[in-house]
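Structure assessment
Chain by chain, the residues run as shown.
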Amino acid sequence: MTETVSLQKAMWRGFTMKCPNCGRGHLFGRFLKVADHCEVCSEDFTPQRADDFPAYLVIVVVGHVVVPALLWMEMAYAPPAWLQLAIWLPVTLFSALALLQPTKGAIVGLQWQLGMEGFAATRRVVARTRDLSAVAQRAKAGA
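The following paragraphs examine the structure supplied in this document. The shown structure was predicted, so the numbers you read here are calculated from the model rather than taken from an experiment.

Although it is not a glycine, M17 sits at a positive phi angle of roughly 65 degrees. Mapped onto the fold, M17 is located in the loop between helix 1 (7-15) and helix 2 (53-77). Positive phi values are uncommon outside glycine, yet D51 reaches one of about 50 degrees. Here D51 lies in the loop between helix 1 and helix 2.

See the structure below:
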C-alpha cells in the first residue's frame, strides 16, 4: 500500500522543490520557508531541521566553481579589477541564490527518507493511519 521511496528519489524530489513522499506537492511556501505539510499527500514537514547546512553546501559548490574560473581569467587575460568584480560578483550572487532553495529541498528530502529529526515518528503515525484505513476499507467491502 505504501510506496517505498529511495534516497536518490527523495533527494531529487526535494531538489526539484517537490514533496519527497509523493513528488507532486510543493515543498516550499516561500523562498526558503518549508511548507508545514504537502497539499497533495498531507506529509508533515514540520520536523525538518535543515538550518544552515544548505548554505554551507552552496558556498562550497559555488566557491569551487567561481574561484578557479576567476583565477583562470586572471592568469589568461589579466583584466582590470573593476571588470573582474563586474563579472564575478553577479555570477556568485545569482548562482548562490539559484542553488539555495534546491539544496535545502534536497536536504529535507534526505532527512525525510532517512527518518532524521522527527520524521521517523511522523512516518510511523502516517503508516499506522494508512494501515488502519485500509483495514477499515476491507472490512466495509466485506460487509
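Tallied over the entire structure, the rule returns 2 aromatic pairs. Centroid distance W12 to F15: 5.7 Å. Interplanar angle 20 degrees. Geometry classified as stacked. Taken together, the residues W12 and F15, both in helix 1 and 3 residues apart, mark about one turn of the helix. Residue classification places W12 among the exposed positions, given a relative accessible area of 53%.

Quick look at the nonpolar core now. Among the nonpolar cores identified, the biggest contains 14 residues, and L27, V34, F45 and V108 are the most heavily contacted of them. Of all the elements, helix 3 (residues 81-114) adds the most residues to this core, at 3 residues. Excluding anything up to four places from it in sequence, F45 contacts C19, P20, H26, L27, V34, A35, D36, H37, C38 and F119. Counting residues in hydrophobic clusters, the runner-up holds 6 residues, among them V66, M73, W88 and L100.

Let us look at the packing of helix 1 against helix 3. It is the contact of helix 1 with helix 3, at a shortest axis distance of 6 Å, that shows an interaxial angle of 145 degrees. Of the two possible hands of crossing, helix 1 and helix 3 adopt the one that is right-handed. Within the contact between the two elements, helix 1 uses L7, A10, M11, G14 and F15 and helix 3 uses P102, T103, G105, A106, G109, L110, W112, Q113 and L114. In the contact of helix 1 with helix 3, the residues fall into 9 nonpolar, 5 polar and no charged.

Once that is clear, we can look at the side chain of Q48. Note that Q48 resides in the loop between helix 1 and helix 2. For Q48, the side chain forms a polar contact with the main-chain nitrogen of A50, separated by 3.0 Å.

This part is about the state of the cysteines. Within this structure, the stated rule accounts for 0 disulfides. C38 provides the cysteine sulfur closest to C22, a residue in no disulfide bond, and the two sulfurs are 3.7 Å apart. C38 sits in the buried class, given a relative accessible area of 1%.

Cut-offs used in this document
- Residues numbered from 1 in each chain as written.
- Predicted model: local features only at pLDDT ≥ 70, side-chain atom pairs only at ≥ 80, totals over all residues.
- Heavy atoms only, no water.
- Helix = DSSP H or I, 4+ residues; strand = E, 2+ residues; numbered from the N terminus.
- Phe/Tyr/Trp six-rings, centres within 6.5 Å; stacked < 30°, edge-to-face > 60°.
- Buried < 20%, exposed > 50% of the residue type's maximum accessible area, 1.4 Å probe, protein only.
- Core = buried A, V, L, I, M, F, W, Y, C linked by side-chain atoms within 4.5 Å.
- Contact = heavy atoms within 4.5 Å.
- Axes fitted to C-alpha atoms, helices over the stretch in contact; angles between N-to-C directions.
- Left-handed = near helix turned anticlockwise from the far one by under 90°.
- Nonpolar A, V, L, I, M, F, W, Y, C, P; charged D, E, K, R; others polar.
- Polar contact = N/O pair within 3.5 Å; in protein donor to acceptor, adjacent residues only side chain to side chain.
- Disulfide = S-S within 2.5 Å.

What is shown is where atoms sit, not what they do.
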